[in-house]
Amino acid sequence: MAFNTKYIFVTGGVLSSLGKGLASAAIGALLESRGLSVTLQKLDPYINVDPGTMNPFQHGEVFVTDDGAETDLDLGHYERFTHAKLGRDNNFTTGKIYDAVISKERRGEYLGGTVQVIPHITDEIKNSVKLVANDVDVVIVEIGGTIGDIESLPFLEAIRQFKADVDKDDVIYIHLTLVPYINTSGELKTKPTQHSVKELRSIGIQPDILLCRTDRFLSSEIKSKIALFCNVSEDAVITAKDVDLIYEVPLVFHQEGLDQKIVELLQIWTRAPRLDDWQELIHKCKAPKHEVTIGIVGKYVDLTESYKSLNEALYHGGIANDCRVKLQFIDSEKIDPNTCDEMVCEVDGILVPGGFGRRGIEGKICAANYARTNSIPYFGICLGMQIAVIEFARYVAGLEQANSSEFNLETPDPVIYLLTEWFDEKTGTVQRRDIDSDKGGTMRLGAYPCNLVENTFAYQAYEQKEISERHRHRYEFNNAYKDKLKEHGMVFSGESPSGELVEIIEIKDHPWFLGCQFHPEFKSRPMKPHPLFREFIRAALQRTQAKNNFP
Ligand code: GLN
């Protein structure tokens, strides 16, 4: 690297949900296409130390990184769009920053001085940004929230100071705003953008580039008006036009000259961008030959933003099979043996995703039973794997009251239980957990190795013996039941290297029935669809094709 590490700070104005996370991820993709190495970081203004304990219905999915950090879902976008390796240091919240400052104060590190937002909190924020700056050309830092929020002020002050601490060519500010089209007057309105930039400038930040979210391309008159009022050059006003597919964002930004402007402002000389793979991807996504419908069985409240990575991974599985994947969300609380047939009969594959708590469990067991007995491809993820085990134990192995101790502590057959002591392959130590430990503190989190058994669905998908996947759960398969379930035809196709933890289960004599204790969705990429999602969609597609050929 012939230049200093460069920093891009991305802020958002006017309103939330304009797609700041996606915009940051797309900027990362564009810079990578020019041969630069990037990393991304999210600074979240809320007080929670991490999103691990936040309600996914309010906050969206908790994204888990290899190192076991429970992070904001925007990190999922960053990983899907770039090759950046993300972890704990790529997501800071106000809570985490204050936690660090207060711990330092308690340890006496401030030598009795008065600890204040400026400089102590802002210094801590700036140091957190620098933590991820090693070995990359460009660090892209997204500030959560919207300009004008009280909570974001310390972060904005810190990034304002940042530019004074380094070479001025090493930092740029990109601001995402909204340029709404007003139907009644037939006009695009620039006032919200002007106000938002005014607010940003009042705290000392002059944006270098404006990304204007809008439903149509901005004319050069509009651009020059925005440029004039916001004190940026006209070619720094970029249309962030709505797109059908999120993976089009890098291409739209490129057409608008965004990457060119960024490298110019940061004074980096790069090769011309190579975007063929993105173009090819969009081409593949636009007109798939086939179509399947996947039923996702979960609690109604969870079935929205809380499965961001899952929805993307299914989409990627579709790309790998030239297939459009239609999702049908099925409320598990409405499923019982009488309604099951009607509720799931239309789908080509059934997926039971991760989840916590006992609500809706029996409905999910019903759905797994339906999939097993009707030869419908079944994919159980984390809780979905545990559900498949309970179903099999009850209806195949005859353990009528089998359950997970998460849902019934009194069950005579806890086929899924809380393993209180286990050998952690990652740290090489014995770990302990119990039911009363802190919520969140006792989960198995992050990447763990797993060995696969040949001649199984799992091996067929991965085509390798050793894999690594990310976890986020407390309960495990109970090995006391392994032999019994094996006798009845359950296949244990993936286990931890020590053999202590069951990671994948399957059922023989079925087109495709697999449950995994980990979350494969976190590692799927549009250009590298996850093997299990690819195979699940393939099996679902085969089922529809067979159905259509022999009605
Ligand atoms: N509730 C289950 C457990 O804690 C499954 C968790 C999940 O699906 N992520 O083990």
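See the structure shown above.
Residues numbered from 1 in each chain as written. Predicted model: local features only at pLDDT ≥ 70, side-chain atom pairs only at ≥ 80, totals over all residues. Heavy atoms only, no water.

Our next topic: the sheet that holds strand E11 (residues 237-241). Strand order across the open sheet formed by seven strands is E5-E2-E6-E1-E7-E10-E11, with parallel pairing between neighbours. The sheet terminates laterally at strand E5 (91-93) and E11, the two strands that pair on one side only. Mean inter-strand twist for the sheet, computed between neighbouring axes without regard to direction, equals 20°. Pairing of strand E7 (residues 171-178) with strand E10 (residues 209-214), which is carried by five bridges, proceeds in the parallel orientation. In the strand pairing of E10, Ile 174 is matched with Ile 209. Along the sheet, helix H4 (residues 94-106) contacts strand E2 (38-44) and E5; its crossing angle with E5, the most-contacted strand, is approximately 75°. Contacts from helix H8 (residues 220-230) reach E10 and E11 within the one sheet, and its direction differs from that of E11 by about 125°. (Pairing = 2+ DSSP bridges. Helix = DSSP H or I, 4+ residues; strand = E, 2+ residues; numbered from the N terminus. Axes fitted to C-alpha atoms, helices over the stretch in contact; angles between N-to-C directions. Contact = heavy atoms within 4.5 Å.)

Another aspect to go through is the site of the ligand. Residues in close proximity to the ligand include Gly 354, Gly 355, Phe 356, Cys 382, Leu 383, Gln 386, Glu 406, Arg 472, His 473, Arg 474, Tyr 475 and His 519, which together make up its full environment. Here an oxygen atom of the ligand and a side-chain polar atom of Gln 386 are 3.1 Å apart. Secondary-structure elements contributing two or more residues to the shell around the ligand are helix H15 (383-395) and strand E21 (466-473). Tallied by class, the residues present in the shell around the ligand amount to four nonpolar, five polar and three charged. (Near = heavy atom within 4 Å. Polar contact = N/O pair within 3.5 Å; in protein donor to acceptor, adjacent residues only side chain to side chain. Nonpolar A, V, L, I, M, F, W, Y, C, P; charged D, E, K, R; others polar.)

There is a patch of nonpolar side chains on the surface, built from Tyr 98, Ile 102, Val 117 and Ile 118 and spanning about 330 Å² of accessible area. Classification of Tyr 98 as partly exposed rests on a relative accessible area of 32%. (Patch = residues over 30% accessible without salt bridge, like charges linked within 9 Å, V, L, I, M, F, W, Y side chains within 5 Å. Areas by Shrake-Rupley, 256 points an atom, 1.4 Å probe, with all protein chains shown as cover. Salt bridge = Lys/Arg side-chain N within 4 Å of Asp/Glu carboxyl O. Buried < 20%, exposed > 50% of the residue type's maximum accessible area, 1.4 Å probe, protein only.)

Here we come to the packing of helix H7 (residues 191-202) against H8. In a pair of packed helices, the angle between the axes and the distance between the axes together describe the arrangement. Orientation of H7 relative to H8, taken along the N-to-C sense of each, is 25°, at an axis distance of 10 Å. It follows that H7 is roughly parallel to H8 by the angle criterion. Once H7 is placed against H8, the crossing between them reads as right-handed. Seen from H7, the contacting residues are Thr 193, Gln 194, Val 197 and Arg 201; seen from H8, they are Lys 225, Ile 226, Phe 229 and Cys 230. Across the contact of H7 with H8, the residue classes tally to four nonpolar, two polar and two charged. (Parallel < 35°, antiparallel > 145°, perpendicular 65-115°, else oblique. Left-handed = near helix turned anticlockwise from the far one by under 90°.)

Quick look at the environment of Ile 262 now. As for its placement among the helices and strands, Ile 262 is situated in helix H10 (residues 258-265). Owing to a relative accessible area of 1%, Ile 262 belongs among the buried residues under this scheme. On a C-alpha basis, the gap between Ile 262 and Cys 516 in space is 42 Å, while along the polypeptide they are 254 residues apart. Every residue in contact with Ile 262, bar those within four places of it in the chain, is listed here: Ile 8, Ile 27, Leu 31, Ile 172, Ile 174 and Ile 209.

The next thing to look at is the packing of aromatic side chains. Applying the stated criterion to the full structure yields 16 aromatic pairs. Here Tyr 247 and Tyr 315 contribute two aromatic rings whose centre-to-centre distance is 6.3 Å and whose plane-to-plane angle is 25°, an arrangement assigned as stacked. Taken together, the residues Tyr 247 in the loop between E11 and helix H9 (249-255) and Tyr 315 in helix H12 (residues 308-320) connect sequence positions 68 residues apart. Since its relative accessible area comes to 25%, Tyr 315 is described here as partly exposed. Here a set of aromatic residues connected by ring pairs shows up, and it is made of Phe 379, Phe 457, Trp 512, Phe 533 and Phe 536. (Phe/Tyr/Trp six-rings, centres within 6.5 Å; stacked < 30°, edge-to-face > 60°.)

In this structure the tally under the stated criterion is one cavity of 30 Å³ or more. Considering only enclosed or pocket space, the largest cavity measures out at about 30 Å³ in volume. Every residue along the wall of the largest cavity is listed here: Thr 11, Gly 12, Ile 143, Gly 144, Gly 145, Thr 146, Ile 147, Ser 152 and Leu 156. When its residues are assigned to classes, the lining of the largest cavity shows three nonpolar, six polar and no charged. (1 Å grid on protein atoms, 1.4 Å probe; cavity = no way out; pocket = protein on both sides within 12 Å on 5 of 7 lines; lining within 4 Å. Points joined across faces, edges and corners; volume = space filled by probe spheres on them.)

Attention shifts here to the side chain of His 473. Structurally, the position occupied by His 473 is in strand E21. Within the structure, His 473 has its side chain in polar contact with the side chain of His 471 (distance 2.9 Å). Of note is the side chain of His 473, whose polar atom sits 3.5 Å from the side chain of Gln 517. Excluding residues within four positions of it along the chain, His 473 makes contact with Cys 382, Arg 433, Met 443, Arg 444 and Gln 517.

Another aspect to go through is the pattern of salt bridges. Within this structure, the stated rule accounts for 38 salt bridges. Between Asp 169 and Lys 168 there is a salt bridge, and its shortest N-O distance comes to 3.8 Å. Put simply, Lys 547 and Asp 348 hold a salt bridge, and the shortest N to O gap is 3.4 Å. Highlighted residues: Lys 547 in helix H18 (residues 531-549) and Asp 348 in the loop between helix H13 (340-344) and strand E14 (349-352), separated in sequence by 199 residues. We classify Lys 547 as partly exposed; its relative accessible area is 35%.

With respect to topology, nine strands assemble into an open sheet ordered E13-E12-E14-E15-E25-E24-E23-E20-E21, the strand pairing being mixed. Here the strands that pair on one side only, and so sit at the sheet edges, are strand E13 (323-331) and E21. Between one strand axis and the next, the sheet turns by 25° as a mean value, whatever way the strands run. Where strand E12 (residues 290-298) and E14 come together, three bridges link them in parallel fashion. If you follow Gly 295 over to E14, its bridge partner there is Ile 350. The sheet contacts of H15 involve E14, strand E15 (378-381), strand E23 (490-495), strand E24 (502-507) and strand E25 (513-516), and relative to E15 the element is tilted by about 115°.

Once that is clear, we can look at unusual backbone geometry. Across the junction of Ile 118 and Pro 119, the peptide omega takes the value 10°, indicating a cis bond. Phi angles above zero are rare outside glycine, and Val 14 is one such case at about 70°. For Val 14, the position within the fold is in the loop between strand E1 (6-12) and helix H1 (20-33). A positive phi is found at Asn 231, a non-glycine position, where the angle reads about 65°. Mapped onto the secondary structure, Asn 231 falls in the loop between H8 and E11. Using a relative accessible area of 47% as the deciding quantity, one classes Asn 231 as partly exposed.

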